Amino acid sequence: MTSTTRLTVAQALVRFLTAQYTERDGERRRLISATWGIFGHGNVAGIGQALVEYAADMPYHQGRNEQAMVHAAVGYARQSGRLSTHAVTTSIGPGATNLVTGAALATVNRLPVLLLPGDVFAARPADPVLQQLEVPYAGDVSVNDSLRPVSRYFDRITRPEALIPSALQAVRVLTDPVETGAVTLALPQDVQAEAYDWPEEFFAERVWTVRRPQADPAELAAAVRAVRAARRPLVIAGGGVHHSRAEAALAAFAEATRVPVAATQAGKGSLRWDHPQDVGGVGHTGTATADELARTADLVIGVGTRYTDFTTASGTLFENPDVRFLNLNIAALDGHKLAGLPLVADARDTLRALTGTLAEHGYRVADSYIAEYTEDKERWEQRVDACYEADEPDIRPTQPQVLGALDEIVDESDIVVNAAGSLPGDLHKLWRTRSRDQYHLEYGYSCMGYEIPAAIGVKLAAPDRPVWALVGDGTYLMMPTEIVTAVQEGVAIKLLLVQNHGYASIGGLSESVGGERFGTAYRFPAGDGTHTGAPLPVDLAANAASLGMRVLRAKTVRDLRAALAEARAADTPTCVYVETQTADTVSGAPPAQAWWDVPVAETATRSSAVKARELYERHVSTRRRHL
């Protein structure tokens, strides 16, 4: 007879989660290593009580904003190589709907996170209950259904016994390298507290192998033929290189073939910045070196990339009329993009196979090609030096000079976290990545507010390493709340807070598309319908200090260098606040080296929009579909 244990649904779920493990290449990790939570009537007596019961086995982190808790879990998951993540529990109503943005970010970036929102009563003893959305045409819909399109798996547990198959499916998706993303188990508040006799087998330790699918021999042979026929090949390294831990395999491929390697935002750091074959970021925010190679490439070898519009310059970057694409990706969806030759397999093992086979054939690109991209790279690095250099250390820095000051003090152990604003473009062009995981850019969803909570998650995953959250004023005002969590739990993140008085990135974009920077500055109204008056008297440094963070103010380049060094040595959460010199421009970094499609008004009376439309039509005319 099967032995059973009587527990509530919430208790059973928490106990089940403590026994789930992942394994890849002999590395074993606890899948759900902690739970974030904000409690309300929808989860306090269920999941909240269960976390008390199992406090010794399931660590708990107290969040301040539900979206931020998801960001923290995602930051942890990415730093953990998708082998470990966190769960997030919320009450019903606004607590649950606040998860949607974080869930979308996780799923877009293919990073695992387990969401456990409370839900309305399954038994409906009173209808409606507090915070319940009434839907006249359907009695089984709640606000949690808004999580369906942004989740890779969704279920509502309306009876205790339904948890068993649902929990197993949830873990299957979380540990699947192709399917992973946000997983949601909606938990009606009455069901959470209901007891059931659970079979002991449900709580047995389970190890989920994270697969490395091998290449189909026919696809691999076709890939070898394509590379051997190429004279100007270019690798585009995406986030899949990091997910597969394929950095060393990519370096070996590049060194054997001398094929240059460009990187997307997610893929940057696949090679160190000073590796001979690294040519920097590619696409709209890329380097001149990488983008010119992309324009002339006859074979683009995408490794773990989704080919977003930033990477392809909205379909205008790859100009060679004979260009073909070879797409090494674990997901068939991405392997077939741009009518490319699909090589649907694990990146690390397949790069090793490609390198070995090409070596047998003696393949290597021509010396003239190597000399070309090497010289171009040297010229670009000179531009980076010029952007970083501060001849007058006693004046306010530009944004690139802020990055240059940070560049001077970091080493390969530092991790830099960013997501939105003008910083991603500057970082993609200028940052000199020293290790495979130093560059942590969330640019799949480019979510303002990600940086601070994600940095907490990263620091929890890498407690012995310096972790920097690079944040502009616009992003800071979106979500500074998790500073309180960092202070409370002693998570010693370093916050570099850059004040430029508005949405600098969107301001620059607005000007380029005829929007005249309307609504993008943090200034008082000017009386003509615009916000072009004096800057707002907002003291973000004081705000960070009021939340418990130690704050170092830097007024000049010299001050900034000293403050950054002091912050790096600190063992408590520390903020470096700096106001940049270029308050009315994006950054002062090199301009975009490739186009990005943001549609411009087709008719307008203002000359700025008319001129922008003329330029837009010229760019659109160069777009091509790769068929």
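Since the structure is predicted, the reported quantities are computational estimates derived from the model, not experimental observations. (Residues numbered from 1 in each chain as written. Predicted model: local features only at pLDDT ≥ 70, side-chain atom pairs only at ≥ 80, totals over all residues. Heavy atoms only, no water.)

A. Main features of the environment of Asp216. Within the secondary structure, Asp216 is located in the loop between β11 (206-209) and α8 (217-229). Among the residues examined, Asp216 registers a relative accessible area of 40% and is labelled partly exposed. Placed 251 residues apart in sequence, Asp216 and Val467 show a C-alpha to C-alpha distance of 40 Å. Looking at Asp216, its side chain comes within polar contact range of the main-chain nitrogen of Ala218, at 2.9 Å. (Helix = DSSP H or I, 4+ residues; strand = E, 2+ residues; numbered from the N terminus. Buried < 20%, exposed > 50% of the residue type's maximum accessible area, 1.4 Å probe, protein only. Polar contact = N/O pair within 3.5 Å; in protein donor to acceptor, adjacent residues only side chain to side chain.)

B. Just the pairing of strand β9 (residues 182-188), in detail. The buried fraction of β9 is high, at seven of seven residues. Here β9 shows a buried face lined by Ala182, Thr184, Ala186 and Pro188 and a second buried face lined by Val183, Leu185 and Leu187. As paired strands, strand β8 (residues 153-156) and β9 are joined by four bridges and run parallel to one another. Bridge assignment links Phe154 to a residue of β9, and that residue is Thr184. For the handedness criterion, the β-α-β arrangement of β8, helix α6 (residues 163-174) and β9 is classed as right-handed. (Pairing = 2+ DSSP bridges. Right-handed = clockwise from strand over helix to strand, strands pointing away.)

C. Examining the packing of aromatic side chains more closely. What the rule picks out here adds up to 12 aromatic pairs. Taken together, a centroid distance of 6.0 Å and an interplanar angle of 85° make the contact between Tyr307 and Phe325 edge-to-face. Within this pair, whereas Tyr307 is found in the loop between β15 (299-303) and α12 (309-312), its partner Phe325 is found in strand β16 (residues 324-329), the two being separated by 18 residues in sequence. Assessed through its relative accessible area of 4%, Phe325 is described here as buried. A connected cluster of aromatic rings, assembled from ring pairs, spans Phe16, Tyr196, Trp198, Phe202 and Phe203. Arg15 extends its terminal NZ or CZ atom over the ring of Phe203, reaching a point 4.2 Å from the ring centre. (Phe/Tyr/Trp six-rings, centres within 6.5 Å; stacked < 30°, edge-to-face > 60°. Lys NZ or Arg CZ within 6 Å of the ring centre and 35° of its normal.)

D. Region of the structure containing the sheet that holds strand β21 (residues 494-499). The six strands lie next to each other as β19-β18-β20-β21-β23-β22, forming an open sheet whose pairing is parallel. This sheet does not close on itself; its edge strands, each paired only once, are β19 (439-441) and β22 (550-554). Across the sheet, the mean angle separating the axes of adjacent strands is 20° when strand polarity is ignored. Pairing of strand β18 (residues 415-418) with β19 involves three bridges; the strand directions are parallel. Counted as the bridge partner of Val416 is Tyr439 from β19. Sheet strands touched by helix α23 (residues 557-569): β20 (467-472), β21, β22 and β23 (574-579). Its angle to β22, the strand with the most contacts, is close to 160°. (Axes fitted to C-alpha atoms, helices over the stretch in contact; angles between N-to-C directions. Contact = heavy atoms within 4.5 Å.)

E. The arrangement of empty space enclosed by the protein in detail. Applying the stated criterion across every chain, the model contains four cavities of 30 Å³ or more. Put simply, the largest cavity is a space of about 160 Å³. Together, 20 residues line the largest cavity, and Lys268, Trp273, Asp278, Gly280 and Glu381 are the ones closest to its centre. Of all the secondary structure elements, the ones that give two or more residues to the lining of the largest cavity are β14 (278-281), α15 (367-388) and α17 (423-430). When the residues that make up the lining of the largest cavity are grouped by side-chain class, the tally is eight nonpolar, six polar and six charged. Each pocket or cavity is described by its volume, and for the second largest cavity that value is around 50 Å³. Lining of the second largest cavity is provided by Asp473, Leu477, Gln499, His501, Tyr522, Leu536, Val538 and Leu540. (1 Å grid on protein atoms, 1.4 Å probe; cavity = no way out; pocket = protein on both sides within 12 Å on 5 of 7 lines; lining within 4 Å. Points joined across faces, edges and corners; volume = space filled by probe spheres on them. Nonpolar A, V, L, I, M, F, W, Y, C, P; charged D, E, K, R; others polar.)

F. Fine view of the pairing of β22. The pairing of β22 with β23 spans five bridges and is parallel. Each bridged residue has a counterpart across the sheet, and for Arg553 the counterpart in β23 is Tyr577. For the crossover from β22 across α23 to β23, the handedness is right-handed.

G. Examining the pattern of salt bridges more closely. Taken as a whole and judged by the stated rule, the model has 39 salt bridges. Taking the shortest distance from any N to any O, the salt bridge between Asp145 and Arg156 comes out at 2.8 Å. Here Arg156 lies in strand β8 and Asp145 lies in the loop between β7 (113-119) and β8, a separation of 11 residues in the sequence. One salt bridge connects Asp349 with Arg352, and the closest N-O pair in it is separated by 4.0 Å. Of this pair, Asp349 and Arg352 are both found in helix α14 (residues 347-360), three residues apart, which corresponds to roughly one turn of the helix. (Salt bridge = Lys/Arg side-chain N within 4 Å of Asp/Glu carboxyl O.)

H. Broad picture of the sheet that holds strand β3 (residues 27-30). Spatial ordering of the open sheet is given by β3-β2-β11, a layout of three strands whose pairing is mixed. A single partner strand is all that each edge strand has here, and the edge strands are β3 and β11. On average, adjacent strands in this sheet sit at an angle of 30° to one another, irrespective of strand direction.

I. Seen up close, the packing of helix α10 (residues 247-257) against α14. Between α10 and α14, whose axes approach to 8 Å, the crossing angle comes to 20°. Taken together, the axes of α10 and α14 are roughly parallel relative to one another. The hand of the α10/α14 crossing is left-handed. Between α10 and α14, the contacting residues are Ala249, Leu250, Ala252, Phe253, Ala256 and Thr257 on the first element and Arg348, Leu351, Arg352, Leu354, Thr355 and Leu358 on the second. Looking at side-chain class alone, the contact of α10 with α14 contains eight nonpolar, two polar and two charged residues. (Parallel < 35°, antiparallel > 145°, perpendicular 65-115°, else oblique. Left-handed = near helix turned anticlockwise from the far one by under 90°.)

These results come straight from atomic positions and should not be treated as a statement about function.
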